[in-house]
Amino acid sequence: MSRFALDPNPSPLEACERAALIQAPAFGTVFTDHMAQITWQAGGRGWHDHRIVPYGPLQLMPATSVLHYAQEVFEGLKAYRWEDGSIRTFRPAANAERFSRSARRLALPELPVEDFLDSLAALVKVDQAWVPAEPGTSLYLRPFMFASEPFIGVRAAHEVTYLVIASPVGAYFKGGLAPVSIWVDQTYHRAGPGGTGAAKCGGNYAASLVSQELAYAHGCEQVLFLDAATSTCLEELGGMNVALVMADGSVVTPPTSGTILEGVTRSSLLQLVRDRGLTVTERPVELAEALAGIKAGTVAEVFACGTAAVVTPVGRLAGEDFDLTVGDGRPGALTMSLRQELTDIQYGRGEDRHAWTHRLV
Ligand SMILES: *Cc1c(COP(=O)(O)O)cnc(C)c1O
């Protein structure tokens, strides 16, 4: 029995309206009928009041702490509908553990892993009709917690709200799997040593938006950040990790040493690369080295990776004084074959050697 009390939505969307929305899901615009909620209070009460409630507006006082000081962390993972009718998610314990690490960094209470996993299962169970079935589609799950105490003094909040909302999604990038162009930001940084770069928190995204705008202004879709200490080494995109495929098939990627988000997709892909007998090296990668390698052809492919877009080929790398095409500008062979292998596991079409999939319904 689920510990989540169900407060059913009195007016869920009609099946035909839902079907129409699921047919053409655009990322992050449509949400299911319900959301999961757990409340936390300091002073011994801890996490309590586990509920599934109708998806809808929150009532927050203008003084609510998160609106002023951004004490917030979030997660992102997907539920996949399998051929056999079951609904699975991918390595949710890794997200639960990262959620706890993020919470610790933001002085938020840690949600027990079990509550995190149960909240996903309880929400997907009640809203299972919202999990789309078309190839490449899924139900994106967005767990998050924030300082919900109405208090504008500066300290860790004594009242915190955890929610999970869910959104049916198709392809993340408009235009499907065309390679993206990336703007290398040589002005702003998203994270610095000792900062919150390794935490999945809204503040990191707030700090990255001006760079994202710069990328658009230069005709690029995504932004790549350099390390704040030296401005010479590649870190990651605003919401995705990055890796280089060398001409010999080995993969090189920046290490997760505090300023980079530890992506579940990143770690899964690195494992799949190792499983193929190829070499993975996690080490600092200088921008100069990457640019010279792309020019010389020793860097054969570049890809970005994260839950939302899975694996995205990078076709172009541009910055203040360079503009390079990666390879022939088309998706790289290893990039595409890793993407296929990972999505096959996620959708139950390929062997799950590492027991990464997790049944929700
Ligand atoms: C979420 C996120 C990623 C990707 O992590 P996944 O677990 O693979 O989805 C990468 N970088 C940043 C900044 C992120 O927030």
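Residues numbered from 1 in each chain as written. Predicted model: local features only at pLDDT ≥ 70, side-chain atom pairs only at ≥ 80, totals over all residues. Heavy atoms only, no water.

## Things to note about the environment of Thr39
In this fold, Thr39 is placed in strand β2 (residues 34-41). In contact with Thr39, not counting residues within four places along its chain, are Gly46, Trp47, His48, Asp49 and Val160. (Helix = DSSP H or I, 4+ residues; strand = E, 2+ residues; numbered from the N terminus. Contact = heavy atoms within 4.5 Å.)

## Quick notes on the nonpolar core
Counting residues in hydrophobic clusters, the biggest one holds 46 residues, and the most contacted among them are Phe116, Leu141, Met145 and Tyr162. Elements represented by at least two residues in this core include exactly β2, β3 (46-54), β4 (72-74), β5 (77-81), α3 (92-105), α4 (113-126), β7 (138-147) and β8 (159-169). In this structure, Met145 is in contact with Trp47, Gln71, Glu72, Val73, Phe99, Ala103, Leu108, Pro109, Leu111, Val160, Thr161 and Tyr162, ignoring residues within four places of it in sequence. Within the second largest apolar cluster, 26 residues are counted, among which are Leu224, Leu237, Leu244 and Ala290. (Core = buried A, V, L, I, M, F, W, Y, C linked by side-chain atoms within 4.5 Å. Buried < 20%, exposed > 50% of the residue type's maximum accessible area, 1.4 Å probe, protein only.)

## Things to note about the side chain of His48
Looking at where His48 falls in the secondary structure, it is placed in strand β3. Overall, His48 belongs to the buried group, its relative accessible area being 14%. At 3.4 Å, the side chain of His48 and the side chain of Arg45 are in polar contact. Once residues within four sequence positions are removed from consideration, His48 is found in contact with Ile38, Thr39, Trp40 and Gln41. (Polar contact = N/O pair within 3.5 Å; in protein donor to acceptor, adjacent residues only side chain to side chain.)

## Points about empty space enclosed by the protein
Under the definition given, this model contains two cavities of 30 Å³ or more. Taken together, Gly76, Leu77, Lys78, Tyr80, Phe90, Asn95, Val264, Thr265, Thr307 and Gln346 make up the full set of residues lining the largest cavity. Elements with a minimum of two residues in the lining of the largest cavity: β5 and α6 (264-275). Considering only residue class, the lining of the largest cavity consists of four nonpolar, five polar and one charged. For the lining of the largest cavity, the domains that each give at least three residues are domain 1 (5-169) and domain 2 (180-345). In this structure, the second largest cavity spans a volume of roughly 40 Å³. Looking at the second largest cavity, the residues that line it are Ile182, Leu224, Leu234, Val242, Leu244, Val302 and Leu317. Within the lining of the second largest cavity, the residues separate by chemical class into seven nonpolar, no polar and no charged. (1 Å grid on protein atoms, 1.4 Å probe; cavity = no way out; pocket = protein on both sides within 12 Å on 5 of 7 lines; lining within 4 Å. Points joined across faces, edges and corners; volume = space filled by probe spheres on them. Nonpolar A, V, L, I, M, F, W, Y, C, P; charged D, E, K, R; others polar. Domains from an automatic or database assignment.)

## Re the packing of aromatic side chains
Tallying each qualifying case throughout the model produces eight aromatic pairs. For the ring pair Phe90 and Trp356, a centre distance of 5.5 Å and an interplane angle of 75 degrees mean the geometry is edge-to-face. A residue pair is termed long-range when its members are at least 10 positions apart, and Phe90 in strand β6 (residues 87-90) and Trp356 in the loop between α8 (333-346) and β18 (357-359) qualify at 266 residues. Take Phe90 and Trp356: they sit in the same class, and that class is buried. Considering the side-chain rings of Phe99 and Tyr162, the 5.7 Å spacing of their centres and the 55 degrees angle between planes classify their relative orientation as tilted. With Phe99 in helix α3 and Tyr162 in strand β8, the pair connects residues that are 63 residues apart, well separated along the chain. For the residue pair Phe99 and Tyr162, the accessibility class agrees, reading buried in each case. Three or more aromatic residues link up through ring pairs in this structure, and these residues are Trp47, Phe99, Phe116 and Tyr162. Lying across the ring of Trp82, Arg88 places its NZ or CZ 4.0 Å from the centre. (Phe/Tyr/Trp six-rings, centres within 6.5 Å; stacked < 30°, edge-to-face > 60°. Lys NZ or Arg CZ within 6 Å of the ring centre and 35° of its normal.)

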